[in-house]
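Tertiary structure, described
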Amino acid sequence: MRRLPFLVLCYAALGGACHRSAPLIAPAPRGLDAAGPDSFVVRVTTTRGPFDLKVHRDWSPRGADRLYWLVNHRYYDGVRFFRAVPNFVVQFGLSGDTTLSRLWRDRRFADDTVRRGNVRGTLSFATGGPDTRTTQLFINLRDNRRLDGMGFSVAAQVVAGMDVVDSLYQGYGEGPPRGKGPSQDLMSREGEAYLARDFPKLDKIVKARVGQRWP
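Report follows, based on the coordinates. For clarity, every value in this text was computed on a predicted model and none was experimentally measured.

So, the pattern of salt bridges
This structure, assessed with the given rule, holds 15 salt bridges. Here Arg133 makes a salt bridge to Asp112, at a shortest N to O gap of 2.9 Å. Placement of the pair is Arg133 in the loop between strand S5 (122–125) and strand S6 (137–140) and Asp112 in the loop between helix H2 (98–104) and S5, with a sequence separation of 21 residues. Take Arg133 and Asp112: they sit in the same class, and that class is buried. Glu192 serves as the salt-bridge partner of Lys204, at 4.0 Å between the closest nitrogen and oxygen. Taken as a pair, Lys204 in the loop between helix H5 (192–198) and strand S8 (205–210) and Glu192 in helix H5 lie far apart in primary sequence, 12 residues in all. Residue class for Glu192 comes out partly exposed when judged on its relative accessible area of 24%. Among the charged side chains, a salt-bridge network with shared partners connects Arg62, Asp111, Asp112 and Arg133.

Shown next, in the form of structure tokens:
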């Protein structure tokens, strides 16, 4: 599968929910491709504090719908920000649960037209080529407009707590072969045990919920 410069494909799936609902791991989750709201806010509580994402369906319809389903099924609870590259992106969504990784690895969905620029604070699904999005996401730490032409469709923007995003641990840097950060292959095989053992400083999502805003 083709790999894009600097942004490693969503090779496996993400997840790591602490309280999973049954449809999450079903072979064909009911309602997975159902349309979500025109816009909604996701409160993401991390080990560094909370930040809020506003998701816009008109920016990336399929991406917004998939994100709405995954958040409502608590798919992101407990996942690590495994790829945090200073002055570039912070990426998350590869499950620490190896069973979920296997189940979601090939559950791809079609691309959306790029309608907004990958500027600082925006969120897009990771991809490794046309129609390969699954569950991994990244937040731009700077303006990365070159990603627009590579098909990364922005679905949301951080509307509160960007300082929290900036503070997520970035000390491990890029993954192999460019750097010494976590390997997605090893994450897929060993899950959270690998990250806790070799990359214990990585921050994680405590919980992500639709509709929970900052006061």
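That covers the picture; the talk isn't over yet.
Concerning the sheet that holds strand S4 (residues 89–92)
Taken in spatial order, the 8 strands of this open sheet run S3-S4-S6-S5-S7-S2-S1-S8, and their pairing is antiparallel. Edge strands, defined here as strands with exactly one partner in the open sheet, are strand S3 (83–85) and S8. Averaged over all neighbouring strand pairs, the angle between strand axes comes to 25°, with direction disregarded. As judged from the 3 bridges shared by S3 and S4, these two strands associate in the antiparallel manner. Note that in S4 the partner of Val85 across the bridge is Val89. The sheet strands contacting helix H1 (residues 61–72) are strand S1 (39–46), strand S2 (49–56), S5, S6 and S8, and the helix crosses S8 at an angle near 115°.

Structural notes on the packing of aromatic side chains
Inspection of the entire model under this criterion finds 11 aromatic pairs. Between Phe40 and Tyr68 the ring centres are 4.9 Å apart and the planes differ by 65°, which places this aromatic pair in the edge-to-face class. Within this pair, whereas Phe40 is found in strand S1, its partner Tyr68 is found in helix H1, the two being separated by 28 residues in sequence. Of the residues examined, Phe40 reaches a relative accessible area of 7% and is grouped as buried. On the numbers, 5.0 Å between centres and 50° between planes, the contact of Tyr75 with Trp104 is tilted. A residue pair is termed long-range when its members are at least 10 positions apart, and Tyr75 in the loop between H1 and S3 and Trp104 in helix H2 qualify at 29 residues. Each member of the pair, Tyr75 as well as Trp104, is classed as buried. The positively charged end of Arg107 is found above the aromatic ring belonging to Trp104, 5.1 Å away from the centroid.

Quick notes on empty space enclosed by the protein
Under the criterion given, the structure shown has 1 cavity of 30 Å³ or more. By volume, the largest cavity amounts to about 60 Å³. Lining the largest cavity are Val42, Val44, Leu53, Leu67, Val71, Tyr76, Phe92, Leu123, Leu137, Ile205 and Ala208. Looking at the lining of the largest cavity, the elements that each hand over two or more residues are S1, H1 and S8. Taken together, the residues that form the lining of the largest cavity break down as 11 nonpolar, no polar and no charged.

Rules used throughout
Residues numbered from 1 in each chain as written. Predicted model: local features only at pLDDT ≥ 70, side-chain atom pairs only at ≥ 80, totals over all residues. Heavy atoms only, no water. Salt bridge = Lys/Arg side-chain N within 4 Å of Asp/Glu carboxyl O. Helix = DSSP H or I, 4+ residues; strand = E, 2+ residues; numbered from the N terminus. Buried < 20%, exposed > 50% of the residue type's maximum accessible area, 1.4 Å probe, protein only. Pairing = 2+ DSSP bridges. Axes fitted to C-alpha atoms, helices over the stretch in contact; angles between N-to-C directions. Contact = heavy atoms within 4.5 Å. Phe/Tyr/Trp six-rings, centres within 6.5 Å; stacked < 30°, edge-to-face > 60°. Lys NZ or Arg CZ within 6 Å of the ring centre and 35° of its normal. 1 Å grid on protein atoms, 1.4 Å probe; cavity = no way out; pocket = protein on both sides within 12 Å on 5 of 7 lines; lining within 4 Å. Points joined across faces, edges and corners; volume = space filled by probe spheres on them. Nonpolar A, V, L, I, M, F, W, Y, C, P; charged D, E, K, R; others polar.

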